[in-house]
Amino acid sequence: MNTQLLKYGAMVTFVAALLSGCSTTGSDEESAATSMPSQSVSTGSVSTGDVSGSTLGTDSAVPRVFYFEFDKAVLNAEARAALRLHGEWLRAHSGVNIRLEGHADERGTREYNMALGERRANSVRDFLVQEGVNGVVIEVISYGEESPAAMGSNDASWSLNRRVEMK
């Protein structure tokens, strides 16, 4: 009887832990339409955007969305610090593939924004490769202005759309 009780208790604990790890509190992007996320700064800033944790096993507090200044593809120190943590995890889990999705705001031509999104994603890729991650496991794709995080033609929306998402 005690063995069954222990098994049941262990199973309840496991399920509770599993469910607590799956809960969400809503999208950061919903409230961020009027202001930048609290963690973001100018060039290459980061946010803990609503990106699936199933691909990367790093702590969910480690940002997976990196923001950029207008017409820039440069990572700042905060973004590089987060990417170092991702790089460490990716080196330890070499079989995991990731996708870097580059984005731009609506200003500029479609072609220019596609190239800018690609430059931004490549800047993240290049940094991860410098950190020792095998470049073969990294896919780079650009959506340019085609997949905005925030609708609107204002600074708040544009700043949320200039990003790279790590998935």
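Relevant structure appears above.
What you see is a predicted model, and the numbers here were worked out from it, not measured in a lab. (Residues numbered from 1 in each chain as written. Predicted model: local features only at pLDDT ≥ 70, side-chain atom pairs only at ≥ 80, totals over all residues. Heavy atoms only, no water.)

Student: Explanation requested: the packing of helix H3 (residues 77-92) against helix H4 (residues 110-130) in the structure shown.
Tutor: A pair of packed helices can be characterised by two numbers: the angle between their axes and the separation between those axes. For the pair H3 and H4, interaxial distance at closest approach is 9 Å and the crossing angle is 55°. Judged by the angle between their axes, H3 and H4 are oblique. Remark: the crossing between H3 and H4 carries right-handed chirality. Contacts between H3 and H4 involve Arg-80, Leu-83, Arg-84, His-86, Gly-87 and Leu-90 on the former and, on the latter, Val-124, Phe-127 and Leu-128. Looking at side-chain class alone, the contact of H3 with H4 contains five nonpolar, two polar and two charged residues. (Axes fitted to C-alpha atoms, helices over the stretch in contact; angles between N-to-C directions. Helix = DSSP H or I, 4+ residues; strand = E, 2+ residues; numbered from the N terminus. Parallel < 35°, antiparallel > 145°, perpendicular 65-115°, else oblique. Left-handed = near helix turned anticlockwise from the far one by under 90°. Contact = heavy atoms within 4.5 Å. Nonpolar A, V, L, I, M, F, W, Y, C, P; charged D, E, K, R; others polar.)

Student: Honestly, the side chain of Glu-165 in this entry has me stumped. Any pointers?
Tutor: On the secondary structure map, Glu-165 appears in strand E5 (residues 163-166). A distance of 3.4 Å separates a polar atom in the side chain of Glu-165 from a polar atom in the side chain of Lys-167. (Polar contact = N/O pair within 3.5 Å; in protein donor to acceptor, adjacent residues only side chain to side chain.)

Student: Honestly, the nonpolar core in this entry has me stumped. Any pointers?
Tutor: Looking at soluble globular proteins, one finds that nonpolar side chains tend to be buried together. With 20 residues, the main nonpolar core has Leu-83, Leu-100, Val-124, Leu-128 and Met-166 as its most contacted residues. Residue assignment for this core shows that the elements contributing at least two residues are H3, strand E3 (98-103), H4 and E5. If one sorts the elements of this core by residue count, H3 sits on top with five residues. When neighbours within four sequence positions are excluded, Val-124 is seen to be in contact with Phe-68, Leu-75, Leu-83, Leu-100, Val-164 and Met-166. (Core = buried A, V, L, I, M, F, W, Y, C linked by side-chain atoms within 4.5 Å. Buried < 20%, exposed > 50% of the residue type's maximum accessible area, 1.4 Å probe, protein only.)

Student: Quick question: what am I supposed to make of the packing of aromatic side chains here?
Tutor: Each aromatic ring pair is described using two quantities: the centre-to-centre distance and the angle formed by the ring planes. Tallied over the full model, the rule gives zero aromatic pairs. The residue whose ring lies beneath Arg-107 is Trp-158, and the NZ or CZ to ring-centre distance is 3.8 Å. (Phe/Tyr/Trp six-rings, centres within 6.5 Å; stacked < 30°, edge-to-face > 60°. Lys NZ or Arg CZ within 6 Å of the ring centre and 35° of its normal.)

Student: How do you make sense of the pairing of E3 when you look at a structure like this?
Tutor: Look at any regular strand and the pattern is simple: side chains alternate between the two faces of the sheet. When you tally the buried positions in E3, you get five out of six residues, the bulk of the element. Relative to strand E4 (residues 138-144), E3 is paired through six bridges, and the arrangement is parallel. Across the sheet, the residue bridging to Glu-101 is Ile-141, located in E4. In this fold, the crossover linking E3 to E4 by way of H4 has right-handed handedness. With three bridges connecting them, E3 and E5 associate as antiparallel partners. (Pairing = 2+ DSSP bridges. Right-handed = clockwise from strand over helix to strand, strands pointing away.)

Student: How should the environment of Arg-162 be read in this particular structure?
Tutor: Its place among the elements puts Arg-162 in the loop between helix H5 (155-161) and E5. Residue Arg-162 is classed as buried on the basis of its relative accessible area of 11%. The spacing of Arg-162 and Asp-105 is 57 residues in sequence and 5.5 Å in space, taken between C-alpha atoms. Polar contacts involving the side chain of Arg-162 include one to the main-chain carbonyl oxygen of Phe-68, which spans 2.9 Å.

Student: Would you explain the environment of Ser-159 in this entry?
Tutor: For Ser-159, the location among the structural elements is in helix H5. Between the C-alpha atom of Ser-159 and that of Phe-70, which follows or precedes it by 89 residues, the distance is 7.7 Å. Looking at Ser-159, its side chain comes within polar contact range of the main-chain oxygen of Ala-156, at 2.8 Å.

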